[in-house]
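Take a look at the letters that make up each chain.
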Amino acid sequence: MDETEFWELVDTTREDAEGDPEEQADLLVERLARLDPEAVLDFARHFESRYHRAYRWDLWGAAWVLLDGASDDAFDFFRCWLIGQGREVFEGALHDPDSLAGLLDDFDEEIDGDGEELGYAADEAYEQLTGIVAPDLDLPAGPVEPEGTPVDFEDDSRLAERYPRLWDRFRP
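Worth saying up front: this structure is predicted, and the values here are computed from it rather than measured.

**A short note on the packing of helix α1 (residues 3-16) against helix α2 (residues 21-32)**
One way to put it is that α1 packs onto α2 with a least axis distance of 8 Å and a crossing angle of 130°. Between α1 and α2, the crossing angle belongs to the class labelled oblique. Crossing of α1 over α2 shows right-handed handedness. Two secondary-structure elements touch here, α1 through L9, V10, T12, T13, R14 and D16 and α2 through Q24, L27, L28, R31 and L32. By residue class, the composition of the contact of α1 with α2 is 5 nonpolar, 3 polar and 3 charged.

Here it is in structure tokens:
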């Protein structure tokens, strides 16, 4: 599976799930389970590499604004959700996290921002196909600390200054 096929699968499952991340995860498992095990592992590698790329302070700050706070776990699940939003939103957020204000149509913090199940979709599909746990993906270890300059999540004025579009749209 190449990068284009990865993003096509992400996009079609999101569209078919009408943006619901849990439904999207179920659809991903279902569609991945139709592929061969190596293609599922390829999908997992693509997902994992993007998950690590998104481990950045500036994205964590954007998640903090969107979710009105984001613990370590919440940020992990946010990164999975961000991948699930597709290539345009994901790459746009990496380029400029504040651009999420314009990249997201709607954002309901009750269902959006938490893509925990998306992070497990490839593992579940692989196990369905093979009856065994997915092997190690042989990827470099992810960063221990987020990349970039730390953000003071407790300082609303600094968050509003750093993420003006997100703040204006999601923290009125």
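**Here's the deal with the nonpolar core**
Ranked by size, the top nonpolar core spans 54 residues in total, and within it F43, L66, F78, L82, L100 and L166 carry the most contacts. If you tally residues by element for this core, the top one is helix α4 (residues 57-67), at 9 residues. Residues within four places of L66 in sequence aside, it is in contact with F78, L100, L104, F107, E109, L166 and F170.

**Thoughts on the side chain of H46**
Its place among the elements puts H46 in helix α3 (residues 37-53). On the basis of relative accessible area, H46 is assigned to the buried category, the value being 17%. If we skip the residues at most four places from it in the chain, H46 touches M1, D2, E3 and F6.

**A word on the packing of aromatic side chains**
Taken as a whole and assessed by the stated rule, the structure comprises 14 aromatic pairs. Centroid distance W7 to F90: 5.8 Å. Interplanar angle 40°. Geometry classified as tilted. Of this pair, W7 sits in helix α1 while F90 is found in helix α6 (residues 87-95), placing the two residues 83 residues apart along the sequence. According to the relative accessible area criterion, W7 is buried, its value standing at 3%. The exposure class assigned to F90 is buried, which follows from its relative accessible area of 0%. One aromatic cluster is present, built from ring pairs that chain together Y55, W57, W60, W64, F75, F78, W81, F107, F153 and F170. Positioned over the ring face of Y51 is R79, at 3.8 Å from the centre of the ring.

**Digging into unusual backbone geometry**
Unlike most non-glycine residues, E18 shows phi in positive territory, near 55°. Here E18 is to be found in the loop between α1 and α2. Taking the relative accessible area as the measure of exposure, E18 reaches 74% and is therefore exposed.

Parameters and conventions
- Residues numbered from 1 in each chain as written.
- Predicted model: local features only at pLDDT ≥ 70, side-chain atom pairs only at ≥ 80, totals over all residues.
- Heavy atoms only, no water.
- Axes fitted to C-alpha atoms, helices over the stretch in contact; angles between N-to-C directions.
- Helix = DSSP H or I, 4+ residues; strand = E, 2+ residues; numbered from the N terminus.
- Parallel < 35°, antiparallel > 145°, perpendicular 65-115°, else oblique.
- Left-handed = near helix turned anticlockwise from the far one by under 90°.
- Contact = heavy atoms within 4.5 Å.
- Nonpolar A, V, L, I, M, F, W, Y, C, P; charged D, E, K, R; others polar.
- Core = buried A, V, L, I, M, F, W, Y, C linked by side-chain atoms within 4.5 Å.
- Buried < 20%, exposed > 50% of the residue type's maximum accessible area, 1.4 Å probe, protein only.
- Phe/Tyr/Trp six-rings, centres within 6.5 Å; stacked < 30°, edge-to-face > 60°.
- Lys NZ or Arg CZ within 6 Å of the ring centre and 35° of its normal.

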